[in-house]
Amino acid sequence: MTTLEASPVTIRLLSGITDPADRLDLNGHEAVHGSLRLPGRRDAGWSNRFIAALDESGLTGRGGAGFPTAQKLQTIRAQRRRPVVVVNAMEGEPASGKDHFLATRVPHLVLDGAALMARSLDASAVQICVARGSRVAARSFAAAVAERARAGMREAPFEVVQPPARYVAGEESALANWLDGGESLPLFRPDRPAFPRVSGRPALVDNAETLAQVALIARYGPEWFRGVGTQEAPGTTLVTVSGAVRAPGIVEVALGTPVWSVLAMAGVVERPAGVLLGGYGGTWLAGADVATPYDPASLGAVGCTTGVGVMVALPTDGCGLAETARIARWMAGESAGQCGPCVFGLPTVADDLSLLAYGRTRRRDIDRLWARLGTIDGRGACRHPDGVVRLVKSAISAFAADLDHHLHHGPCRGANQQSVLAFPPVGEVVEWR
Amino acid sequence: MLASTSPVLWYATRATGTVAMVLLTATVILGILTTTRAATSAVPRFAISDLHRRIALLSVVFLGLHILTAVIDTYVPIGWAAAVVPFTSTYRPFWIGLGAIAFDLLLAVIATSLLRQRISVRAFRGVHWLVYASWPVAMIHGIGTGTDLRFGWMQILVAACIVSVLAALAWRIRAHPYPGGHRTAVPPSGVPATGHAAVGRPATATSVAARPEVRRVSRAEPRETRS
Amino acid sequence: MAIARRLRVDPVACDAFGHCAELLPELIRLDEWGYPVIDDTPIPPRLVELAETAVRACPRKALSLHRVGQSSSRNLVARATDR
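Quick summary incoming for the structure in this document. (Residues numbered from 1 in each chain as written. Chains lettered and ligands numbered in written order. Predicted model: local features only at pLDDT ≥ 70, side-chain atom pairs only at ≥ 80, totals over all residues.)

## A word on the overall build of chain B
Put simply, the rule reads: We count a stretch as a helix when DSSP gives it H or I for four or more residues in a row; a strand needs E for two or more, and each element gets its number in order from the N terminus. Note on burial: count the other C-beta atoms lying within 10 Å of the residue's C-beta; 20 or more is buried, 12 or fewer is exposed, in between is partly exposed, and C-beta positions come from the backbone. Any residue pair is listed as a contact if its two C-beta atoms, each placed from the backbone, are within 7 Å.
The helix and strand tally for chain B stands at seven helices and zero strands. Secondary structure elements of chain B, listed N to C terminal, follow the sequence α-α-α-α-α-α-α. Taken across its 227 residues, chain B has 30% of its residues classed as buried. The contacts in chain B between residues at least 6 apart in sequence include a share of 54% that link residues at least 24 apart.

Okay, structure coming up:
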């Protein structure tokens, strides 16, 4: 199901993958990228150069928050205790498949990145977190780890672990909580240090794609990395494109590529009614704005965020409000259930949206919904409700015309269209451990 | 060592015991009411909670006097140790022993209450649950060894205490069928937060009678990249 | 000179008892589900004692006072939720 369309200069992460079924084992990986030569364990000079290179590259996290990778590394490095490295390949976002893709096609690129981070921190261990139920990804990582051990690569010990496949389980503190033997529930961390801890050790939690990018930067240098992309958002990123496109899949694009071009790589047929960016906690891009370059600054100017690399094209005969209602309903069910504003607020918002999409609403119901969104925002322990608030607000803005139609004439025809979104079926039993 | 005998001490033991029973019963009821978030316009929730704490303090005072007078009074041989070590009293070891048990349990609750701001919420609440053991044991102690139980008014009083606690418990369980805890809450008016189901399409309604467990919209195309 | 302080609620610990909003309606109101919405601007001196009472009254110790200067909401680096 994957396409590998990309302009030649931006095939970086996907180097060596010519067929969607390809998987690069260690030999294949080294044939493409050369072998990874880790320095000695306490080579402070190398460590400094490595961090400087990351800093210069301007790499930001590819897990959705976009935090500067070098800065995060510095924070952990400044701690006294020996840290651990956590590879976040949880991919709780249903609309995203990139981390799974990296795990099953180029696992060694991710592991290289993790090994580099671990070496620069003299970390005690690397925990590779793959969502429970993703057997192929977990096996792929495990096989890659075994290969590296057999090849005599002396790296920090790798371990593949599988926390529960819940949306919030991939949140940093939830992950750390689970690794510590607890449940995968986010913690309330208002002004505690910016990093989670695992067994008392500071934990560097990085997205799988971020680490893959790190592996490339270590080999080819920060200048190479900055060769594509924009000044503030350099490099490439993986985007999972789905929805009203002929060839849904994962594409690698330079940041700053217009959204429309990215969609074109996946075979978009006509201008969509809207594009969901950043996943279910992201934002809707209005159809009129599809020429916007795909980078945080440009998207910010039209009220959107990149978030994690996801684009879902809404067909012209679809209804953005109905899709948003479905997302809100699903997200409400994915609440960790710890904080009242989320536990009660999200279902209420979902109800409001359902009524808006499928029933009759008045302007004052919209005003009340808007007020509710303001009340819920920022009052949970984690960002989950904030994401829903952001999504709904962006929907109201991006689909303003449709909203008007719904207010005055009831549901549009698109509301009863088949959804272009995927909602993973979850068992009745909620497991957090 | 303080020791004497006098009918005054004997009456004091009985009287303070009775008052302690009533006050402890009131404390338990107020504690239950605090959990139910009940309030009236004249008595807001923080006041119920505060009243619970104050009456608890008062009941401890009377309980202390009850034990003190019982031990000091040499007419009946109950030593200091018998107040805390169950079944070591020479006089009616079983019934006094029950009193000692109830007192021991209460001591733990008192200690954690005094240290509430310094200990974890979990430790405090965990120990606090012991009152559900302490109060019945105390009541049985009173029924077993209470001198005044031969009087009708005392029988009515004891019955009233028991009935009111049971009623409070029943109300708490009926109105709030799910256990308290960090994942539940009651909307202030007791009315479910949302009422209507989604009209039209598959999105299902939230049920707020229980914890808002939202059933997922199952138009799931299985995720293509998953195993 | 008193140090300015702010109120903060731990949303995980909070169980919507509502004592805080009753004691300090000037700074705390309840949302429609019974949970506190905190005004986290520095507490006026005349309300500090009441704020301390409210903090002590919380049955779940969810309410707390903290100094101005610390971030009142999740700090910026902690916003980096990698998924």
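Here the narrative resumes, following the displayed structure.
## A few points about the nonpolar core
Among soluble globular proteins, nonpolar side chains are generally buried collectively. Counted only if it meets this: What makes a nonpolar core is a set of buried Ala, Val, Leu, Ile, Met, Phe, Trp, Tyr and Cys residues, with links drawn between C-beta atoms within 7 Å. Where each domain starts and ends comes from a domain assignment, either automatic or drawn from a database.
Counting residues in each nonpolar core, the largest one holds 170 residues, and the members touching the most others are A:V85, A:V87, A:M311 and A:A328. At 11 residues, the largest contribution of residues to this core is made by helix α13 (residues 340–358) of chain A. Both of domain 1 (36–62 + 69–225) and domain 2 (320–416) of chain A provide at least three residues apiece to this core. Look past the residues within four positions of A:M311 in its chain and what remains in contact with it is A:V239, A:V241, A:V259, A:V262, A:L263, A:V275 and A:L277. If you look at the next biggest cluster of nonpolar residues, it comprises 34 residues, including B:F103, B:W135, B:V158 and B:A168.

## Quick notes on the sheet that holds strand β9 (residues 283–286) of chain A
Residues and elements named next belong to chain A. Note the cut-off: We treat two strands as partners when DSSP finds at least two bridges between them. Lines fitted to C-alpha atoms define the axes here, with helix axes fitted over just the stretch in contact, and angles between the N-to-C directions of these axes take values from 0 to 180 degrees.
Sheet architecture is open: five strands sit in the order β7-β6-β10-β8-β9, paired in mixed fashion. On the outer flanks of this sheet lie β7 (249–254) and β9, each paired with one strand and no other. Taking the axes of each pair of neighbouring strands and ignoring which way they run, one obtains an average angle of 30 degrees across the sheet. Pairing geometry for strand β8 (residues 274–277) and β9, over four bridges, is antiparallel. Considered in β9, the bridge of G274 is made with A286. Running over the sheet, helix α15 (residues 384–398) touches β8 and β9 and is turned about 15 degrees from β9.

## Observations concerning the packing of helix α4 (residues 93–114) of chain B against helix α6 (residues 131–145) of chain B
Residue and element names in this part refer to chain B. Formally: Roughly parallel here means an angle under 35 degrees, roughly antiparallel means over 145, roughly perpendicular means 65 to 115, and every remaining angle is called oblique. Definitions for this section: a left-handed crossing has its near helix turned counterclockwise from the far helix by less than a right angle. A right-handed crossing has that turn clockwise. Residues are grouped as follows: nonpolar covers Ala, Val, Leu, Ile, Met, Phe, Trp, Tyr, Cys and Pro; charged covers Asp, Glu, Lys and Arg; every other residue, Gly included, is treated as polar.
Where α4 contacts α6, the axes come no closer than 8 Å and their chain directions differ by 155 degrees. With respect to α6, the axis of α4 lies roughly antiparallel. The handedness of the crossing between α4 and α6 is left-handed. The segment α4 lies against α6, with W95, I96, L98, G99, I101, A102, L105, L106 and V109 engaging V131, A133, S134, V137, A138, I140, H141, G144 and T145. When grouped by side-chain class, the residues that make up the contact of α4 with α6 number 13 nonpolar, five polar and no charged.

## Some thoughts on the environment of A:R413
Residue and element names in this part refer to chain A. As for its placement among the helices and strands, R413 is situated in the segment after α16 (400–409). C-beta crowding within 10 Å serves as the criterion here: with 10 such atoms nearby, R413 is assigned to the exposed category. Sequence separation between R413 and Y358 is 55 residues; the distance between their C-alpha atoms is 9.9 Å.

## Section: the pairing of strand β1 (residues 84–89) of chain A
All names here are of chain A. When you tally the buried positions in β1, you get six out of six residues, the bulk of the element. One ladder, built from five bridges, connects β1 with strand β5 (residues 201–207); its direction is parallel. Among the inter-strand pairings, V87 is bridged to a residue of β5, identified as D206. As paired elements, β1 and strand β2 (residues 126–130) share five bridges and run parallel to each other. In the sheet register, V86 faces β2, and the bridge partner there is Q127.

## So, the sheet that holds β5(A)
All names here are of chain A. A sheet is described by the order of its strands in space; here five strands give the open sequence β3-β2-β1-β5-β4, paired in mixed fashion. Among the strands making up the open sheet, the edge pair consists of β3 (158–161) and β4 (197–198). Pairing geometry for β4 and β5, over two bridges, is antiparallel. By the bridge assignment for β5, V198 is matched with R201. Across the face of the sheet, helix α5 (residues 107–121) comes into contact with β1, β2, β3 and β5 while running at roughly 155 degrees to β1.

## Side note on the packing of α5(A) against helix α8 (residues 208–220) of chain A
Residue and element names in this part refer to chain A. One way to put it is that α5 packs onto α8 with a least axis distance of 7 Å and a crossing angle of 75 degrees. Taken together, the axis directions place α5 and α8 in an arrangement best described as roughly perpendicular. Together, L109, V110, D112, G113, A114, L116 and M117 of α5 and A208, L211, A212, V214, A215 and A218 of α8 make up the contact between the two elements. Of the residues belonging to the contact of α5 with α8, the class tally is 11 nonpolar, one polar and one charged.

## Re α8(A)
Residues and elements named next belong to chain A. Stated formally: Any helix carries an expected span of 1.5 Å times its number of residues minus one.
The terminal C-alpha atoms of α8 lie 19 Å apart, and with 13 residues this matches the ideal 18 Å at 1.5 Å per residue to within 8%. Burial analysis of α8 places 11 of its 13 residues in the buried class, which makes it a mostly covered element. Those residues of α8 that fall on the buried side of the exposure criterion are A208, E209, T210, L211, A212, Q213, V214, A215, L216, I217 and A218. Residue G221 follows α8 closely and has a positive phi angle near 95 degrees.

## Quick word on the environment of B:G31
By secondary structure assignment, the location of B:G31 is in helix α1 (residues 7–35). For B:G31 and B:V76, which are 45 residues apart along the polypeptide, the C-alpha to C-alpha distance reads 35 Å.

## Examining unusual backbone geometry
For A:D122, which is not a glycine, the phi torsion comes out positive at approximately 50 degrees. For A:D122, the position within the fold is in the loop between α5 and β2. You will see that B:R92, though not glycine, has its phi angle at about 40 degrees, which is positive. Looking at the element boundaries, B:R92 is found in the loop between α3 (80–84) and α4.

## Considerations on the pairing of β8(A)
Residue and element names in this part refer to chain A. In β8, alternate side chains face the same way, and those of G274 and L276 on one face and V275 and L277 on the other are all buried. In this structure, the hairpin formed by β8 and β9 is closed by a connection of five residues, where G278 is found at a positive phi of approximately 80 degrees. Across four bridges, β8 lies against strand β10 (residues 310–314) in antiparallel orientation. Each residue of the ladder has a partner; that of L276, found in β10, is V312.

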